[in-house]
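# Chains, contacts and geometry: an overview
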Amino acid sequence: MALKQGFIFLCCVLTARAAVLVGKHHINYFYDSFVEDFGRPVEIRFGREVTFKNCTKSDDVTVESLDINPCSEEPCIFHKGSTVSVTVVFTPLEEVKSGELSVDAIAFGHRLPMVKKENICEGHGVTCPLEKGKKQTFTINQKVERYYPPLPIEVEAYVENDDRKILCIRFKAVIKN
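Described below are features of the structure shown in this document.

Conventions adopted
- Note on numbering: residues in each chain are counted from 1, in written sequence order.
- Confidence filtering applies because this is a predicted model: local features only for residues at pLDDT of at least 70, side-chain atom pairs given and counted only at 80 or more, and all residues used for totals across whole chains, interfaces and linings.
- Each side-chain value is derived from all of the structure's non-hydrogen atoms; neither hydrogens nor water enter the calculation.
- Every helix listed is a DSSP run of H or I at least four residues long, and every strand listed is a run of E at least two residues long, numbered separately from the N terminus.
- Throughout, a contact is declared for two residues whenever any of their heavy atoms are within 4.5 Å.
- Only protein chains enter the accessibility calculation, which uses a 1.4 Å probe; a residue is then buried when its area is under 20% of its type maximum, exposed when over 50%, and partly exposed in between.
- The disulfide definition used here is simple: a pair of cysteine sulfur atoms within 2.5 Å.

The residue phenylalanine 90 is located in strand 5 (residues 83–92) in this model. Along the chain, phenylalanine 90 and threonine 137 lie 47 residues apart, while their C-alpha atoms are 6.6 Å from each other. Excluding anything up to four places from it in sequence, phenylalanine 90 contacts Val61, Thr62, Val63, Glu64, Leu130, Lys134, Lys135, Gln136, Phe138 and Leu167.

The next thing to look at is unusual backbone geometry. Here the amide bond leading from asparagine 69 into proline 70 is cis, since omega sits at 0°, within 30 degrees of zero. Inspection of the secondary structure assignment puts proline 70 in the loop between strand 3 (61–69) and strand 4 (76–79). Unusually for a residue other than glycine, phenylalanine 108 sits at a positive phi of about 55°. Its place among the elements puts phenylalanine 108 in the loop between strand 6 (100–107) and strand 7 (110–119). Positioned with a positive phi, lysine 117 is a non-glycine residue whose angle comes to about 50°. Position of lysine 117 among the secondary structure elements: in strand 7. Residue classification places lysine 117 among the partly exposed residues on the basis of a relative accessible area of 41%.

Moving on to the state of the cysteines. Under the criterion given, the structure shown has three disulfides. Here cysteine 55 is linked by a disulfide to cysteine 168, with a sulfur-sulfur distance of 1.9 Å. On the sign convention where negative is left-handed, the bridge of cysteine 55 and cysteine 168, at about -80° about the S-S bond, is left-handed. Residue cysteine 55 is located in the loop between strand 2 (53–54) and strand 3, and its partner cysteine 168 is located in strand 10 (residues 164–176); the two are separated by 113 residues in the primary sequence. Taking the relative accessible area as the measure of exposure, cysteine 55 reaches 13% and is therefore buried. By relative accessible area, which is 0% here, cysteine 168 ends up buried. Through a disulfide, cysteine 121 is tied to cysteine 128; the S-S separation comes to 1.9 Å. Here the disulfide of cysteine 121 and cysteine 128 is left-handed, its torsion about the S-S bond being about -85°. Note on cysteine 121: relative accessible area 23%, which makes it partly exposed. Across the protein, the way the bonded cysteines pair up, counted in sequence order, is 1-6, 2-3, 4-5.

Dropping the structure here:
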């Protein structure tokens, strides 16, 4: 029994390593093979699930989780020059035909735009329109620019549609050299 558990653990580690090497979107092949061979699904996470605040003012969305990679502790430490991957799992409670993504760093009451008005339907892992009631996994890959000041921040990532925030999350981070 211990040998079988060790083998399953090794398969999960190798699958995660392979997914990092070939890209997260190719994980489905490995995942499907694993489920087919062992008969039960496993969850493979990339990064750390972090504490967040749902700052959406309406009941348009249910946010299930926020994963950040790399992040080994909270608040997450973002090093200048690195790329941070933020993955949000959410369910829209109405159909979303399109939207614009913005990401701001908030420090001492001031906003520093990090991402300004990107189309959510291109390059973020979702296909528009987003169906009502269907779980979505949305990814933001953001370079931590060298000119960002090293300080504690609150990050606000939001999606707007017709000047209305349909998805908004906030989490704490620290920018370091």
